[in-house]
Each structure stands twice: as C-alpha cells, then as structure tokens.
Amino acid sequence: MQHDTHHDQHGRHTDHADHAAHTAHTAHHPGGASWSMAARATLHCLTGCAIGEILGMVIGTALGWGNMETMVLAIALAFFFGYSLTLRSILKAGVDFRTALRVAFAADTLSIAVMELIDNGVIALWPGAMDATLADTLFWGALAISLAVAFVVTTPVNKWMIGRGKGHAVVHRYHH
C-alpha cells in the first residue's frame, strides 16, 4: 500500500514536470498559441470593452457631456469591465483577490489598451461618428465597425502574447 502511494505521488510529480516543461516550451516558441485561442482571448476582451464603451457613451450622452469627457469615461469603463470579466473567472478558480487582480492586470492590460486605441481611433477618424447620438444609425454602425476592426488588430497581439506565456496564457494557468 505504501509503495502504491509513493508511486501515485511520483506520477503526479511527473505530470507536474511535464506541464511545467510544456508551459516553458510554449513560452519560448511564438507559434505556441493557436489562432483559435487568440480569438477567444480577444473576444473575451472585446466583450468587456464593448460593455464599457456602450455604457460610457450612454452615461456621457445622458449627462450631456462633451465628446472628450464621454470618451474618457467609456475607456475607463472598458478597462473596468475587461478586468472584471477576467477577475471573475480567476476568483471562481479559488485564487485570492490580490493575486487575481495582479493576474487580470497582467493578462488584459495590453489587449485592452490596443483594443481601445483602435476602437476609439476608428470612431475619432470616422466623419460624423463623434457627433452621432445614440438614436443615430451612424453611432451604432461606426461602433460595430470600430469594434470589429479592433478585434482583427488585437487578435494577433493576443496570439503573440499567449505564445510567449503572457496575456491570457497567465489566466489559463488558473483553470484546471
């Protein structure tokens, strides 16, 4: 019986070593992340960004704020909701709040920043989009296209980060 227990523990150590070797292998080879994994990470980021963007624009418009104030609020809320979605999944895995917060920041900051830069850049450059109201088709059309462009640009960034053991690769270490 004692020999079986030792053998089981040895097997677990071997599995752990194999997992660690795989993680290290992925971290040094840029091709280690699939496009599918990168797209899922980007879609996760896009969800938080879209919630924050729309909520920020609705609040800013309802309060009669100018474009700059509304954009700042929308960006802040995009980061908040992007981090919150990741934080929720990490906490669900049983990780303490402080560690989960650090993981969420490490996993999402670059992805959200790129997404927000592209999304807001498209809207800022789109003629009339900054002055469109929530009732305008232009508002919703420009927003949808800007988020789609941001998704397309951010997916390779996430693939690159995950392939190096960064970004959402950090989050996946907490999902068993």
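Criteria and cut-off values
Residues numbered from 1 in each chain as written. Predicted model: local features only at pLDDT ≥ 70, side-chain atom pairs only at ≥ 80, totals over all residues. Heavy atoms only, no water. Core = buried A, V, L, I, M, F, W, Y, C linked by side-chain atoms within 4.5 Å. Buried < 20%, exposed > 50% of the residue type's maximum accessible area, 1.4 Å probe, protein only. Helix = DSSP H or I, 4+ residues; strand = E, 2+ residues; numbered from the N terminus. Contact = heavy atoms within 4.5 Å. Expected span 1.5 Å × (residues − 1). Bend = angle between axes of the 7 residues up to and from the residue. Phe/Tyr/Trp six-rings, centres within 6.5 Å; stacked < 30°, edge-to-face > 60°. Axes fitted to C-alpha atoms, helices over the stretch in contact; angles between N-to-C directions. Left-handed = near helix turned anticlockwise from the far one by under 90°. Nonpolar A, V, L, I, M, F, W, Y, C, P; charged D, E, K, R; others polar.

Caption draft 1: Molecular detail of the nonpolar core. Membership of the largest hydrophobic core comes to 18 residues, with the highest contact counts inside it found for Cys-49, Met-57, Met-115 and Leu-143. At the level of elements, helix H2 (35-62), helix H3 (67-92), helix H4 (97-125) and helix H5 (137-163) are the ones that each hand at least two residues to this core. Setting aside anything within four residues of it in sequence, one finds Met-57 in contact with Thr-70, Ala-74, Ile-123, Phe-139 and Leu-143. Listed in part, the 5 residues of the second largest apolar core include Leu-87, Ile-90, Val-95 and Ala-100.

Caption draft 2: Focus on H5. Taking 1.5 Å per residue, 27 residues should reach 39 Å; H5 reaches 39 Å between its end C-alpha atoms and fits that length. Of all bends in H5, the biggest is about 30°, found at Thr-154, and the proline Pro-156 comes one to four residues later. At the exit of H5 stands Gly-165, carrying a positive phi of roughly 80°.

Caption draft 3: Quick peek at the packing of aromatic side chains. Summed over the entire model, instances satisfying the criterion amount to 4 aromatic pairs. Note on Phe-80 and Phe-81: the rings are 5.1 Å apart at their centroids and 85° apart in plane angle, and the pair reads as edge-to-face. Ring centres of Phe-139 and Trp-140 lie 4.7 Å apart, and the angle between their planes is 85°; this geometry places the pair in the edge-to-face category. Relative accessible area serves as the criterion here: at 8%, Phe-139 is assigned to the buried category.

Caption draft 4: View of the packing of H2 against H5. Packing of H2 against H5 leaves a shortest axis separation of 8 Å and a crossing angle of 145°. Read as a crossing pair, H2 and H5 show a hand that is right-handed. Taking contact as the criterion, the partners of Trp-35, Met-37, Ala-38, Ala-39, Ala-41, Thr-42, Leu-43, Leu-46, Ala-50, Ile-54 and Met-57 in H2 are, on H5, Phe-139, Trp-140, Leu-143, Leu-147, Phe-151, Thr-154, Thr-155, Pro-156, Asn-158, Lys-159 and Ile-162. For the contact of H2 with H5, the class distribution of residues is 17 nonpolar, 4 polar and 1 charged.

Read these as spatial facts, not as claims about activity.
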